[in-house]
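# Coordinates in review
As a plain string of letters, each chain reads:
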Amino acid sequence: MSIKRPLPPHLTIYKPQLTSTFSIFHRISGAFLATMVLFSSLFCLKIGLISFTYEKFYQSSFNLPKFILSLVDLTALALCYHISNGVRHLFWDFYLNLCRLLQFHFIIHFSAPGPEVSLAFSRTTNRARSV
Amino acid sequence: MRRWRNPLNFQCLRNSNERAQEMAAKSQATVKEKVGKKLKDFKVFRWNPEKPERPYLQSFHLDLNQCGPMVLDALQMIKAEEDSTLCFMRSCGEGVCGSCSMNIDGTNTVACLRPIDANTTKPTIVTPLPHMFVMKDLVVDLTNFYNQYKFVEPWLKAKKPPPDGLEYRQSPEERKKLDGLYECILCACCSASCPAYWWNPEEFLGPATLLQAYRWISDIDFKL
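Residues numbered from 1 in each chain as written. Chains lettered and ligands numbered in written order. Predicted model: local features only at pLDDT ≥ 70, side-chain atom pairs only at ≥ 80, totals over all residues. Heavy atoms only, no water.

As recorded in an unreviewed UniProt entry, chain A goes by Succinate dehydrogenase subunit 3 and comes from Amborella trichopoda. As its UniProt record puts it under Subunit (unreviewed entry), chain A is described as follows: "Component of complex II composed of eight subunits in plants: four classical SDH subunits SDH1, SDH2, SDH3 and SDH4 (a flavoprotein (FP), an iron-sulfur protein (IP), and a cytochrome b composed of a large and a small subunit.), as well as four subunits unknown in mitochondria from bacteria and heterotrophic eukaryotes." (UniProt positions renumbered as here; feature names shortened; annotations may be inferred.)

## Notes on the overall build of chain B
Along chain B, the regular secondary structure elements total 6 helices and 7 strands. Counting over 224 residues, chain B shows a buried share of 37%. Put simply, of all contacts in chain B between residues at least 6 apart along the chain, 58% involve residues at least 24 apart. With the model as given, the accessible surface of chain B reaches about 14,100 Å², and the carbon-plus-sulfur share is 56%. (Helix = DSSP H or I, 4+ residues; strand = E, 2+ residues; numbered from the N terminus. Buried < 20%, exposed > 50% of the residue type's maximum accessible area, 1.4 Å probe, protein only. Contact = heavy atoms within 4.5 Å. Areas by Shrake-Rupley, 256 points an atom, 1.4 Å probe, with all protein chains shown as cover.)

## Details of the pairing of strand E3 (residues 101-104) of chain B
All names here are of chain B. Burial of E3 is two-sided: the residues Ser 101 and Asn 103 facing one way and the residues Met 102 and Ile 104 facing the other way are all buried. The sheet contact formed by E3 and strand E4 (residues 107-110) spans 4 bridges and is antiparallel. Across the sheet, residue Met 102 finds its bridge partner in E4, namely Thr 109. Counting the residues between successive antiparallel strands, the hairpin from E3 to E4 contains 2 residues, one of them, Asp 105, with a positive phi of roughly 55°. Sheet topology places E3 next to strand E5 (residues 124-127); 2 bridges connect them, and they run antiparallel. When the sheet's bridge partners are listed, Asn 103 is paired in E5 with Thr 127. (Pairing = 2+ DSSP bridges.)

## Describing the packing of helix H3 (residues 143-151) of chain B against helix H6 (residues 207-217) of chain B
All names here are of chain B. With their axes 9 Å apart at the nearest point, H3 and H6 run at an angle of 20° to one another. Here H6 runs roughly parallel to H3, going by the angle between their axes. The two elements H3 and H6 meet at a crossing, and its hand is right-handed. Seen from H3, the contacting residues are Phe 145, Gln 148 and Tyr 149; seen from H6, they are Ala 208, Thr 209, Gln 212 and Trp 216. A breakdown of the residues in the contact of H3 with H6 according to their chemical character gives 4 nonpolar, 3 polar and no charged. (Axes fitted to C-alpha atoms, helices over the stretch in contact; angles between N-to-C directions. Parallel < 35°, antiparallel > 145°, perpendicular 65-115°, else oblique. Left-handed = near helix turned anticlockwise from the far one by under 90°. Nonpolar A, V, L, I, M, F, W, Y, C, P; charged D, E, K, R; others polar.)

## Topic: a nonpolar patch on the surface
Residue and element names in this part refer to chain A. Taken together, Val 37, Leu 38, Phe 39 and Leu 42 make up a surface patch of nonpolar side chains, about 440 Å² in accessible area. You can see Val 37 is positioned in helix H1 (residues 18-51). Residue class for Val 37 comes out exposed when judged on its relative accessible area of 65%. (Patch = residues over 30% accessible without salt bridge, like charges linked within 9 Å, V, L, I, M, F, W, Y side chains within 5 Å. Salt bridge = Lys/Arg side-chain N within 4 Å of Asp/Glu carboxyl O.)

## With respect to the sheet that holds strand E2 (residues 56-63) of chain B
All names here are of chain B. If you trace the 5 strands from one edge of the open sheet to the other, you get E2-E1-E5-E3-E4, paired in mixed fashion. The open sheet has two free edges, formed respectively by E2 and E4, since each of these has just one partner strand. Neighbour-to-neighbour, the strand axes of the sheet open up by a mean angle of 30°, direction not taken into account. Contacts from helix H2 (residues 71-82) reach strand E1 (39-46), E2, E3 and E5, with the element oriented near 95° to E2.

Here it is in structure tokens:
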């Protein structure tokens with residue numbers, strides 16, 4: 001008899017863990033940084049064509065709420081996370097005493113983007129003229 | 001502490017309907033019994049290959065006061081008392097065989113070592129190992145997993161006969177290298193929790209198999 005066996009749920013039910021969260025965000029930030037690296041030059045060359053000719057676009061970018069992160073801010077955040085996670089990964093791979101240092105690394109890892117986040121925040125509040 | 005008086009002896013009821021008195025006393029006794037029960041909801045994954053319907057989560061309510069502490073005890077009680085068609089694998093009941101591996105509340109474990117969460121406000125959700133084909137209810141097809149284990153040839157390979165001609169001697173340092181590797185019971189919980197193994201089970205060997213490959217590599221035969 002040809003009965004198709006079902007697959008039990010995986011992504012929908014599995015409880016996220018620290019290591020899996022680190023891993024997927026490392027992948028997401030890496031993919032994002034890769035696109036930015038490849039297309040940022042093209043973006044910088046071509047954005048003038050849109051913003052200086054299409055008036056409504058320029059006005060909307062002016063009138064947007066100040067707390068929305070620009071592409072530059074997102075890229076910097078992704079870079080901070082990616083680098084700190086990469087360092088953490090190397091550290092965990094070569095040093096075997098994980099349990100004792102887990103909280104230590106957790107703190108370091110999440111405080112690494114701290115300066116960037118505060119800079120981004122300050123930039124959003126002082127944004128008066130242009131992005 | 002307030003003592004509960006038998007309602008049959010209440011002054012005001014003595015002259016009223018005796019039948020009503022008896023019923024009230026009886027219902028008070030059963031209320032006490034029912035309040036003493038600690039009902040926990042178990043939502044268990046069900047699928048029968050002989051029935052043409054889709055998989056579903058079936059709710060079972062168990063009295064935790066009558067049940068053993070581990071999730072496997074709960075499953076056995078369900079099978080004994082409520083639904084004997086519930087299908088799951090189990091053997092030792094103490095976490096050394098790896099038969100009862102399943103997903104409990106979002107984490108893969110062996111059911112015989114996972115205590116039941118006593119919080120009765122939330123249900124416990126029991127599903128089979130994620131992204132492994134289901135044969136019936138909580139039993140999954142581990143053929144691919146076992147074939148991958150066979151593929152790494154998990155046995156001692158001696159290139160030379162033993163140095164003294166009698167046996168291969170293992171020093172305590174060499175034995176220490178196996179700590180953390182030999183304990184694997186091949187329950188498939190780790191492989192079934194790996195997203196890379198979910199998306200590519202044919203190409204990727206999985207954490208369990210790779211760990212065992214390393215176990216045999218770091219064993220004495222590698223030096224020989």
